[in-house]
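Examination of the molecular architecture
Letter by letter, the chains look like this.
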Amino acid sequence: MSRLSILLCMAASLAAATFAFGEGTQIWRQTKFEDFEKGTAKGVAIRSDGALELAPAFRSLYTTPSAYLWDIASDASGNAYAAAGSPARVYRITPDGKSSVIFEPQELQVQALIADGKDGLFAATSPDGKVYRIVPKESTTGAKKDQKKAVARAAEPAKSDADATAVEGNYTSSVYFDPKTKYIWDLALGKDGTLYIATGDHGEIYKVDRDGKGSLFFKSDEAHIRALQIDAKGNVIAGSDGSGLIYRISPAGEAFVLYSTPKKEITALALDEKGNIYAAGGGEKQHSPNPSATTLNLGPAAAAPAISLSPGTSLASSSAPASPAGGSEIYMISPDGAPRRLWSSATDLVYALGFDGHGRLLAGTGNRGHIYAIGLDDTFVDLLTVSANQVTGFAKAPNGGLYVASSNLGKVALLGAAADGDGTYESDVFDARIFSRWGRAEVRGSGSFDLYARSGNVDNPDRNWSPWSRIDLQKDAELSVPMARFVQWRAVLHPGAVQPAIDDVALNYRANNVAPEIDDVTVQVGARFQAIPKPPQENTPIMIGGASQGPPVKIDTPMPAMHDRDSIAVKWSAHDDNDDQLAYSIYYRGDGETRWKLLKDKLTDKFYSWDAGLLPDGAYTIKIVASDAPSHTPDQALSAEKESSLFEIDHTPPAVQDLVARNEGDTVHITFRGSDNFSPLKRAEYSVDAQDWQFVEPVGQLSDSKVENYDFSIPVPGRTTNSGDAATPARGGEGGATATAAPAEHVIVVRIYDRYDNMGTAKVVFRTP
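Residues numbered from 1 in each chain as written. Predicted model: local features only at pLDDT ≥ 70, side-chain atom pairs only at ≥ 80, totals over all residues. Heavy atoms only, no water.

A few points about the sheet that holds strand β6 (residues 58–63)
Taken together, 4 strands build an open sheet; the order of strands is β6-β36-β35-β34 and the sheet is antiparallel. Pairing within the sheet leaves two strands with one partner each, and these edge strands are β6 and β34 (390–396). Sheet twist, expressed as the average angle between the axes of neighbouring strands with direction ignored, equals 25°. Of the strand pairs in this sheet, β34 and strand β35 (residues 402–407) are connected by 6 bridges, and their pairing is antiparallel. Note that in β35 the partner of Val391 across the bridge is Ser406. (Pairing = 2+ DSSP bridges. Helix = DSSP H or I, 4+ residues; strand = E, 2+ residues; numbered from the N terminus. Axes fitted to C-alpha atoms, helices over the stretch in contact; angles between N-to-C directions.)

Here it is in structure tokens:
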């Protein structure tokens with residue numbers, strides 16, 4: 001298609017759809033970094049301000065047999081050299097991708113690598129490693145003298161260290177310096193040829209002059225010095241593990257802490273031409289029970305083994321995933337010493353820093369294998385994702401490019417200075433949740449690009465979706481894809497005089513209307529809902545892809561029912577897959593009846609209560625009808641209904657009949673009958689002369705019938721007996737209680753309750769002799 005300069009597909013009718021929804025029309029919009037990050041980019045970079053653009057060219061040069069590449073360097077001829085572990089080797093890779101092994105030590109890994117400025121390399125091994133010098137055989141005539149001096153000064157070198165065997169016959173290697181430490185983390189080379197060596201587990205930096213004479217340069221109070229750089233004045237810039245300190249150390253060995261970062265470990269350093277220092281920090285600061293142990297966070301995030309190095313142990317792999325605890329941050333320290341944070345991530349760990357041909361700061365990360373371009377204005381670009389878990393190093397390549405080293409798998413790739421062809425971006429799969437019709441696309445961008453779409457009814461596009469269909473953005477921008485539940489779009493960016501960029505993509509769609517569903521209906525007799533004021537904002541829009549998508553949906557607030565024996569409460573739960581607004585109607589029907597009668601309609605709440613006295617005693621069923629009519633025209637509205645369980649209403653109190661109180665010696669014999677026309681009796685109580693209520697059991701002790709008889713005796717009120725004053729069953733006049741007569745008039749009140757707490761009462765007056 002031809003270039004688009006500012007805005008695509010924004011016809012007046014389409015623009016109106018952006019701001020006002022037609023009936024049932026919704027929009028899936030992607031416009032933020034978080035939206036685009038969910039997709040798959042090939043040759044397309046994602047800017048932090050939410051735009052797609054072409055990424056620099058990137059191609060794989062060589063996949064090594066080693067699982068891990070720890071460092072990478074390059075020479076003046078454009079060859080790359082990769083320091084590897086598992087197995088430990090140094091690989092030489094030419095610009096056209098030809099490779100060879102030039103060094104294979106006895107140690108478990110080659111940890112650091114740096115070119116010597118001539119035609120050789122310095123390589124550091126770990127654990128319990130040494131620094132080796134690797135040179136081509138044709139350069140060994142002058143180099144052997146330096147190597148002999150280095151070997152002579154190495155304290156008690158092992159016999160096998162004098163000449164490590166080079167796999168390729170054109171290279172030879174020998175021990176250059178033995179710091180006699182557990183770890184060697186990094187190397188830096190000064191302009192005068194002095195080699196600086198960062199070590200652990202005592203946090204020391206050694207220096208070896210160009211004559212091969214080595215000495216302790218700086219000793220910190222940290223466990224490890226992890227990264228080194230040399231500034232324009234010959235100062236050593238060092239980063240530590242333990243407190244995350246960044247040091248500036250003069251050539252005389254005088255140290256000054258430039259910055260104590262919030263992170264535990266400085267994982268990488270870089271310096272630009274203006275004298276700015278860039279540092280990557282990771283991990284949370286915390287007390288370590290073993291300050292001399294460190295974990296190389298190269299071992300990866302989910303599915304790749306973690307590498308752990310600690311004193312007394314060998315290199316081992318573990319199936320436990322590494323966690324980027326605390327994430328990573330990148331800081332800039334200006335020449336005047338002022339630090340500031342440029343970038344942070346909770347999920348990505350920075351393993352390498354470098355500069356591309358345009359002077360942009362690049363960060364190689366894990367454990368997702370991303371390379372970021374970091375801006376100085378709080379912006380960044382997700383340039384690309386490599387086919388490995390971690391990006392561990394950068395080195396200059398011909399024509400303004402960069403060599404890129406990665407681990408899990410150990411690969412070397414070439415990052416170009418600019419894009420060299422089309423770039424493709426595929427969005428994530430959008431789930432409309434319902435079989436939908438797809439309308440027009442709205443795109444905002446510039447330059448030359450094409451847009452495609454496809455749809456399907458399974459969440460995996462590879463499982464028989466429709467083919468990609470090009471969207472004519474200059475015509476009607478309509479998606480020519482079948483109606484389906486899922487959709488996906490693809491953009492192809494083309495290089496040109498105007499660099500292509502896509503800022504916003506939105507797809508209009510309309511889901512097929514489906515009937516609402518009522519999940520549950522509950523009736524509570526003897527309860528009611530108390531009306532409360534509704535908040536001003538009771539609706540909220542549907543948020544998909546960071547933007548408002550369609551009409552708002554109602555947020556339900558659970559409403560507790562309060563006890564009220566004169567009321568009936570009903571509540572229900574319902575949902576609509578279209579997120580339509582719903583209206584509810586309540587119907588009731590008596591047991592044995594055939595016609596449903598309307599109780600209340602046009603409800604928007606999912607609860608209702610009413611006066612129980614409106615319904616006579618009996619058994620009833622409630623039916624709730626939910627309709628999506630508020631969101632549709634009458635001919636398109638759909639409804640659903642659900643019935644409650646059968647419930648009973650009983651307003652009528654039970655009756656107390658034949659209440660009789662007779663004097664029988666020292667006791668009063670009481671009998672009565674309780675009855676209810678609808679429900680079984682639940683309990684009975686009596687009181688004598690307004691004293692506390694006393695529970696009484698029916699004859700047979702079970703209260704499970706609509707009619708119950710009661711027969712019990714109590715002591716004569718006002719007399720003291722040895723049998724107490726509790727009610728006792730009648731015994732035909734038996735008993736031998738001693739009593740004191742107190743003739744008087746007494747009132748006995750009885751009350752009975754049915755199953756619905758309706759109460760019936762009666763009283764009887766009697767005189768004691």
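Right, picking up where we left off after that structure.
What about the confidence of the model for the chain?
A residue-level look at the chain finds 81% of positions with pLDDT of 70 or above and a mean pLDDT of 85. Confidence drops under pLDDT 50 across residues 288–323; counting only partners more than four residues distant or on other chains, this segment forms 86 contacts. In the model, residues 721–739 has pLDDT below 50 throughout and makes 29 contacts with residues more than four positions away in sequence or in other chains. (pLDDT = per-residue confidence, 0-100. Contact = heavy atoms within 4.5 Å.)

Some words on the side chain of Ser407
Secondary-structure assignment places Ser407 in strand β35. A relative accessible area of 0% places Ser407 in the buried class. Looking at Ser407, its side chain comes within polar contact range of the main-chain nitrogen of Leu69, at 2.8 Å. (Buried < 20%, exposed > 50% of the residue type's maximum accessible area, 1.4 Å probe, protein only. Polar contact = N/O pair within 3.5 Å; in protein donor to acceptor, adjacent residues only side chain to side chain.)

Quick notes on the pairing of strand β41 (residues 484–494)
β41 sits mainly inside the fold: 10 of its 11 residues count as buried. Note that strand β37 (residues 423–426) and β41 share 4 bridges and pair antiparallel. Its bridge partner being in β41, Gly423 is matched across the sheet by Leu493. With 3 bridges connecting them, strand β38 (residues 430–446) and β41 associate as antiparallel partners. Looking at the pairing, Ser436 lines up with Ala484 of β41. Across 9 bridges, the pairing between strand β39 (residues 448–456) and β41 is antiparallel. Residue pairing for β41: Tyr452 is matched across the bridge by Arg490.

Notes on the packing of aromatic side chains
Where two aromatic rings form a pair, the distance of their centres and the angle of their planes describe that pair. Overall, the coordinates contain 27 aromatic pairs when judged by the stated rule. Ring centres of Phe430 and Trp438 lie 6.3 Å apart, and the angle between their planes is 80°; this geometry places the pair in the edge-to-face category. With respect to burial, Phe430 and Trp438 carry one shared label: buried. Ring centres 6.3 Å apart and planes at 35° place the aromatic pair Tyr620 and Phe647 in the tilted group. Placement of the pair is Tyr620 in strand β52 (residues 618–627) and Phe647 in strand β54 (residues 647–649), with a sequence separation of 27 residues. One exposure class covers both Tyr620 and Phe647, and it is buried. The rings of Trp28, Phe430, Trp438 and Tyr509 are connected pair by pair, giving a single aromatic cluster. (Phe/Tyr/Trp six-rings, centres within 6.5 Å; stacked < 30°, edge-to-face > 60°.)

Topic: the nonpolar core
The tendency in soluble globular proteins is for nonpolar side chains to be buried as a group. The biggest cluster of nonpolar side chains holds 45 residues, and the ones touching the most others in it are Ile330, Leu353, Ile374, Trp438, Leu451, Leu479 and Trp489. Among residues more than four places away in sequence, those in contact with Ile374 are Ile330, Leu342, Trp343, Leu361, Ala363, Thr379 and Phe380. (Core = buried A, V, L, I, M, F, W, Y, C linked by side-chain atoms within 4.5 Å.)

A word on the pairing of strand β56 (residues 667–675)
Among the 9 residues of β56, 7 are classified as buried, and the element is accordingly described as predominantly covered. Connecting strand β55 (residues 655–664) to the next strand, β56, in antiparallel fashion are 2 residues, including Gly665 with a positive phi near 70°. Pairing geometry for β56 and strand β59 (residues 707–715), over 9 bridges, is antiparallel. If you follow Ile670 over to β59, its bridge partner there is Phe712.

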